[in-house]
Amino acid sequence: MKPYRRRHSTLAVRRTLRRRGAQPKVVALGGGMGLSASLAALRRITGDLTAVVTVADDGGSSGRLREELGVLPPGDLRKALAALCGDDDWGQTWARVIQHRFQSKGEMHGHAVGNLLIVALWEQLGGDPVQALDLVGKLLGAHGRVLPMSAVPLELQALVKGHDPARPHDVDTVRGQATVALTPGEVQSVHLVPNDPPAVPEAVAAVLDADWVVLGPGSWFSSVIPHLLVPELLDALMETKARRVLSLNLAPQPGETEGFSPQRHLEVLARHAPKLALDVVLADEAAVPDASAREPLAEAAKRLGAAVELAPVARPDGTPKHDPELLAAAYDRIFRMHGRIGPWR
């Protein structure tokens, strides 16, 4: 494992990429705020970026639109688009607009502007989710492309031990991403309904054509692992010639992964996709501060074929959130140290 302490500025990273020639093709998989953090970092170091987003959300505005209109849940797609907005006035204004939620005492309460915009374009374009998301990205000036992992709404189900505190040894089925994310008890495994959903062809093509695929960070069972449960997408992840990096969370998530060590995150991922190999596991160095934590993580990563890279990627103010500049520097170092030598492609 190689701790990384030197911070690159965004400008320095971009200058390095310009000297290198073509930029790496990167595909990031996930959902929610974890994927948003990864995209906010990756857009600083490459202009060839595709987000593949989970579509199992059933809570909040997304859940209401999904139930009423039968559409894909737009919330995680909206968050990914917002993360790809630029740092100029145009990008930041639109990022705020699409993230804006209406506050009222009526039916509009809690709906996000971006959710309504995405769904409106889906209806205008005959239900084509890819074309609609491309149009929204063009409107926002997004620094990359956003794709759903499947074109059908999915239900996430989990087997949870001790979901009912009165029956701590029993295993129950918990349904719905919003419920799974906050479930008490210990999540044993997750699966999707339908159990063999079709992948969006453009998402499969992006993975097969990538130089790097980034999985995580994010809610482990409800945002990260679901990508491995779409057969065509998993096949693409195993067949691609791209290098694969898994980005770990800064800390366990209350409910879903409470009490998990960094290596346990790898172990449960391997149980869901035992044939998937990785190249690099990225962890925040503060989450694995000494040999007693680093050695088990290195062993778990080795079983997946991966090396561990440690870097300071959390915000310096102590909040459990990724710092976009630090995470960008960590990704850039991984791409340089573990990728191709010389110009990309």
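Everything below is about the structure printed above this text.
It should be emphasised that the depicted structure is a prediction, and the values quoted were computed from it without experimental measurement.

In total, this model carries four aromatic pairs according to the counting rule given. With a centroid separation of 6.2 Å and 15° between ring planes, the pair formed by Tyr331 and Phe335 is classed as stacked. One end of the pair is Tyr331 and the other is Phe335, both in helix 14 (residues 324-338) and four residues apart, which spans about a single turn. Site record: aromatic cluster; members linked through ring pairs are Trp212, Tyr331 and Phe335.

Orientation of helix 3 (residues 60-69) relative to helix 6 (residues 113-124), taken along the N-to-C sense of each, is 25°, at an axis distance of 11 Å. Regarding the angle of helix 3 to helix 6, the classification is roughly parallel. Here helix 3 runs over helix 6; the crossing is right-handed. For the pair formed by helix 3 and helix 6, the contact residues are Ser61, Ser62, Leu65 and Leu69 on the first element and Asn115, Leu116, Val119 and Glu123 on the second. Across the contact of helix 3 with helix 6, the residue classes tally to four nonpolar, three polar and one charged.

What follows covers the sheet that holds strand 6 (residues 171-175). In any sheet, the strands associate via hydrogen bonds between backbone groups, in a parallel or an antiparallel arrangement. On the basis of which strands lie adjacent, the open sheet formed by three strands has the order 6-5-7 and antiparallel pairing. Two strands bound the open sheet, and with one partner strand each, they are strand 6 and strand 7 (186-193). Strand-to-strand, the axes of this sheet are offset by a mean angle of 25°, without reference to chain direction. When strand 5 (residues 155-161) meets strand 6, the two strands line up antiparallel, connected through five bridges. Bridge assignment links Gln157 to a residue of strand 6, and that residue is Arg175.

Bringing helix 14 into the picture now. With 15 residues, helix 14 extends 21 Å from end C-alpha to end C-alpha; this agrees with the ideal 21 Å at 1.5 Å per step. When you tally the buried positions in helix 14, you get 11 out of 15 residues, the bulk of the element. Within helix 14 the residues assigned to the buried category are Leu326, Leu327, Ala328, Ala329, Ala330, Tyr331, Asp332, Arg333, Ile334, Phe335 and His338.

Mapped onto the secondary structure, Gly127 falls in the loop between helix 6 and helix 7 (129-140). By relative accessible area, which is 49% here, Gly127 ends up partly exposed. Taking the C-alpha atoms as reference points, Gly127 and Val71, separated by 56 residues in sequence, lie 8.3 Å from one another.

Conventions used here
Residues numbered from 1 in each chain as written. Predicted model: local features only at pLDDT ≥ 70, side-chain atom pairs only at ≥ 80, totals over all residues. Heavy atoms only, no water. Phe/Tyr/Trp six-rings, centres within 6.5 Å; stacked < 30°, edge-to-face > 60°. Helix = DSSP H or I, 4+ residues; strand = E, 2+ residues; numbered from the N terminus. Axes fitted to C-alpha atoms, helices over the stretch in contact; angles between N-to-C directions. Parallel < 35°, antiparallel > 145°, perpendicular 65-115°, else oblique. Left-handed = near helix turned anticlockwise from the far one by under 90°. Contact = heavy atoms within 4.5 Å. Nonpolar A, V, L, I, M, F, W, Y, C, P; charged D, E, K, R; others polar. Pairing = 2+ DSSP bridges. Expected span 1.5 Å × (residues − 1). Buried < 20%, exposed > 50% of the residue type's maximum accessible area, 1.4 Å probe, protein only.

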